[in-house]
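Structure at a glance
What follows is the residue order along each chain.
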Amino acid sequence: MTRVAVASTILAMTLSGCGQDADPEPPDDDLAIAHSEPREDSVYPEAGDPGVDSLHYDLTLDWAPVTRTLTGSQELTFRATEDADHFQLDLGKTLEVSEATLDGDSVEVEHDGKDLVVRAPVTEDTEYVLTLDYAGTPAPVPAPTTRGDMSGLGLTTTPRDTLWTMQEPYGAYTWYAVNDQPSDKALYDFTVTAPSPLVGIANGELVSRTDEAGVTTTKWHLDSPASSYLTTLAVGDYVLTEDSSGDLPITYWLPRNRQWQLEDLRRTPRLLSWLEKRLGPYPFDSLGLVVVPSASAMETQTMITLGNTDYATGPDTIVHELAHQWYGDLVTPNDWRDLWMNEGMAMYLQGLWNDESTQCPGCSVEEWQWSEPGDRFESGPPGDYDPDEFGENNVYYGPALMWDAFRTLVGDDTFWRLTREWPQEQADHSTDRETWIAWLEEETGRDLDAFFDEWLMSPDSPVDS
Ligand SMILES: [Zn+2]
């Protein structure tokens, strides 16, 4: 996500192709790439089931604005991680399941609140296919934060009968049944139908688009494993503009009545080039940006979801969400206590870009030290934050300053080598701080425990000392 810098006090936040004739059938990916080690989240244990390792979600979604009904049909391929007589997914309580099968046989499900319990025995390390038919009017759920730009999580319907999502740290379950925790990555295919001129946007490459009998159907394929908070769905009267950066196709999806924001989005290739000089080549096959009626922005994998405010479509936000494609998407925290792993590096890169490009007040890395002690006091240390204050300033600016201090400690050459290599080292995985710090210690030959412990866990700000 992005955080907005406010000049007077510095801060707040910014949570920061489409060929008609591409392959009609998505490639048959090897699901081994989606094997994860799911765990119960230490900050938000109520979401997700560590007994499920989801491998591939095939989602067919129809949006009927007149009745405000989302009708879903999904096929989930998953691996059971333990022997059990049942397993569980998350699904919004406003969505009602009409039919469920496991490997072709009908199964009983209990849907209490958001907990969808499937009563069927499963065997450790065995793959299954669960199908579900469901329908209802989607509703967002409360966000565990006081942030002003996050009123709810999940799929939001607008007065114009369009749809959009923001769902960090959870909330994908407001539109499909999902193991909604960051430690479980999976591949995705989406088929979205809506009455024309509405069109559905999701992650990955647009495989096909048809407009027939007043219905627009889009098919999307994501061939890199993604955590559920990094999926996106937007349905609206969108106009597509195609762009590119080298061989990388880039798509911009702007509402028909907001085409004047296209010039903001067209900065993307330039900002991406700036990042690629530091982080190496962009890690995925496609890139898109979709603009939705929000004040926030999310680094949704390969299809970035931007709010429609000037800040959310501005270069700070775009460079921040692009940086997350390496830090957050390619390598992902496996537990929400490590949100700083995403936001620290994205914020640091955003700050460096500002230092080189804009010199705007409050945007410079050096200036952030003045607010860091207060952020830490307000919301807790970055590595041990208050669960009711998700995504506050403390996980952005302190960890950004930490990387600046680390850069001073090890020198520019080593810092940039390690910053480039880490996402490749852990590509397509979710991991934790211990693994990252151990790797940094091995690469630098230094004992770094005290350094990271002070920055991540101390109630006292290192910038005070
Ligand atoms: Zn962010």
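Preceding this paragraph is the structure being described.
Residues numbered from 1 in each chain as written. Predicted model: local features only at pLDDT ≥ 70, side-chain atom pairs only at ≥ 80, totals over all residues. Heavy atoms only, no water.

**Digging into the sheet that holds strand E8 (residues 108-112)**
Spatially, E5-E9-E8 is the arrangement adopted by the three strands of the open sheet, whose pairing is antiparallel. Single-partner strands in this sheet number two, and they are strand E5 (87-90) and E8. Strand-to-strand, the axes of this sheet are offset by a mean angle of 25°, without reference to chain direction. Relative to strand E9 (residues 115-119), E8 runs antiparallel, the two sharing five bridges. From the neighbouring strand, Glu-110 faces E9, where its bridge partner is Val-117. (Pairing = 2+ DSSP bridges. Helix = DSSP H or I, 4+ residues; strand = E, 2+ residues; numbered from the N terminus. Axes fitted to C-alpha atoms, helices over the stretch in contact; angles between N-to-C directions.)

**Examining the packing of helix H8 (residues 433-444) against helix H9 (residues 449-457)**
A pair of packed helices is characterised by two quantities: the angle between their axes and the separation of those axes. Axis separation between H8 and H9 bottoms out at 11 Å; the angle between their running directions is 145°. The hand of the H8/H9 crossing is right-handed. Between H8 and H9, the contacting residues are Arg-433, Ile-437, Leu-440 and Glu-441 on the first element and Asp-449, Phe-452 and Met-457 on the second. Looking at side-chain class alone, the contact of H8 with H9 contains four nonpolar, no polar and three charged residues. (Left-handed = near helix turned anticlockwise from the far one by under 90°. Contact = heavy atoms within 4.5 Å. Nonpolar A, V, L, I, M, F, W, Y, C, P; charged D, E, K, R; others polar.)

**Digging into the coordination of the zinc ion**
Within the first shell, the zinc ion binds the protein through Met-1 (N), Met-1 (O), His-320 (NE2), His-324 (NE2) and Glu-343 (OE), at distances of 1.7 to 2.6 Å. Among the residues examined, Met-1 registers a relative accessible area of 2% and is labelled buried. (Donors = N, O, S within 2.8 Å, 3.2 Å for Na, K, Ca; no water. Buried < 20%, exposed > 50% of the residue type's maximum accessible area, 1.4 Å probe, protein only.)

**Focus: the nonpolar core**
Counting residues in hydrophobic clusters, the biggest one holds 132 residues, and the most contacted among them are Trp-175, Trp-403, Phe-406 and Phe-452. When residues in this core are grouped by element, the largest group, nine residues, is from helix H4 (residues 340-357). Residue assignment places this core across two domains, with domain 1 (4-329) and domain 2 (333-464) each supplying three or more. (Core = buried A, V, L, I, M, F, W, Y, C linked by side-chain atoms within 4.5 Å. Domains from an automatic or database assignment.)

**Let's talk about helix H6 (residues 397-410)**
Over its 14 residues, H6 runs 20 Å from end to end, which matches the ideal 20 Å to within 8%, given 1.5 Å per residue. H6 sits mainly inside the fold: 10 of its 14 residues count as buried. Every buried residue belonging to H6 is among Tyr-397, Gly-398, Pro-399, Ala-400, Leu-401, Met-402, Trp-403, Phe-406, Arg-407 and Val-410, and all of these are buried. Those residues of H6 that are buried lie in contact with strand E1 (2-3), H4, helix H5 (372-379), helix H7 (412-425), H8 and H9. (Expected span 1.5 Å × (residues − 1).)

**What about the sheet that holds strand E22 (residues 297-298)?**
Backbone hydrogen bonds are what pair the strands of a sheet, in a parallel or an antiparallel way. One open sheet holds the five strands; their spatial order is E19-E20-E21-E23-E22, and the pairing between them is mixed. For this open sheet the edge positions go to strand E19 (238-245) and E22, each flanked by a neighbour on one side alone. Across the face of the sheet, helix H2 (residues 268-279) comes into contact with E19, strand E20 (248-255) and strand E21 (287-292) while running at roughly 40° to E19. Helix H3 (residues 315-326) contacts E21, E22 and strand E23 (303-307) of the sheet and is inclined by roughly 150° relative to E23.

**With respect to H2**
The terminal C-alpha atoms of H2, which comprises 12 residues, lie 16 Å apart, in line with the 16 Å expected from a rise of 1.5 Å per residue. All of the buried residues along H2 are Thr-268, Pro-269, Leu-271, Leu-272, Trp-274, Leu-275, Arg-278 and Leu-279. Phi for Gly-280, located one or two positions after H2, is positive at around 90°.

**Some thoughts on the pattern of salt bridges**
Following the criterion strictly, the structure yields 20 salt bridges and no others. Salt-bridge contacts for Arg-147 lead to Asp-149; the nearest nitrogen and oxygen are separated by 2.9 Å. Classification of Arg-147 as buried rests on a relative accessible area of 4%. Relative accessible area serves as the criterion here: at 15%, Asp-149 is assigned to the buried category. Here Arg-433 ties to Asp-338 by a salt bridge, and the two come within 2.6 Å at their closest N and O atoms. With Arg-433 in helix H8 and Asp-338 in the loop between strand E24 (331-333) and H4, the pair connects residues that are 95 residues apart, well separated along the chain. Asp-338 shares its class with Arg-433; the two are buried. (Salt bridge = Lys/Arg side-chain N within 4 Å of Asp/Glu carboxyl O.)

**What about a negative patch on the surface?**
A cluster of like negative charges, contributed by Asp-447, Asp-449, Asp-453, Glu-454 and Asp-460, occupies part of the molecular surface. Mapped onto the secondary structure, Asp-449 falls in helix H9. With relative accessibility at 46%, the residue Asp-449 sits in the partly exposed group. (Patch = residues over 30% accessible without salt bridge, like charges linked within 9 Å, V, L, I, M, F, W, Y side chains within 5 Å. Areas by Shrake-Rupley, 256 points an atom, 1.4 Å probe, with all protein chains shown as cover. Lys, Arg positive; Asp, Glu negative; His and termini not counted. Charge placed at Lys NZ, Arg CZ, Asp CG, Glu CD.)

**Re the side chain of Thr-156**
Looking at the secondary structure, you find Thr-156 in strand E12 (residues 152-157). In contact with Thr-156, not counting residues within four places along its chain, are Pro-140, Thr-162, Leu-163 and Trp-164.

**Details of unusual backbone geometry**
Between Glu-168 and Pro-169 the backbone carries a cis peptide bond, its omega angle lying at 15°. With an omega of 10°, the peptide bond running from Ser-196 to Pro-197 counts as cis. Turning to its location among the elements, Pro-197 is positioned in the loop between strand E14 (185-195) and strand E15 (199-202). Positive phi outside glycine occurs at Asp-103, with the angle close to 50°. One can find Asp-103 in the loop between strand E6 (95-102) and strand E7 (105-106). We note that Asp-125 has phi near 65°; this positive angle belongs to a residue other than glycine.

**Some remarks on the packing of aromatic side chains**
Describing an aromatic ring pair means giving the distance of the ring centres and the angle of the ring planes. Considering all chains together, one arrives at 32 aromatic pairs under this definition. Each ring, one from Tyr-385 and one from Phe-390, has its centre 6.3 Å from the other, and the planes form 70°; the classification is edge-to-face. Each member of the pair, Tyr-385 as well as Phe-390, is classed as buried. Between the NZ or CZ atom of Lys-114 and the centre of the ring of Tyr-173, over which it lies, the distance is 5.8 Å. (Phe/Tyr/Trp six-rings, centres within 6.5 Å; stacked < 30°, edge-to-face > 60°. Lys NZ or Arg CZ within 6 Å of the ring centre and 35° of its normal.)

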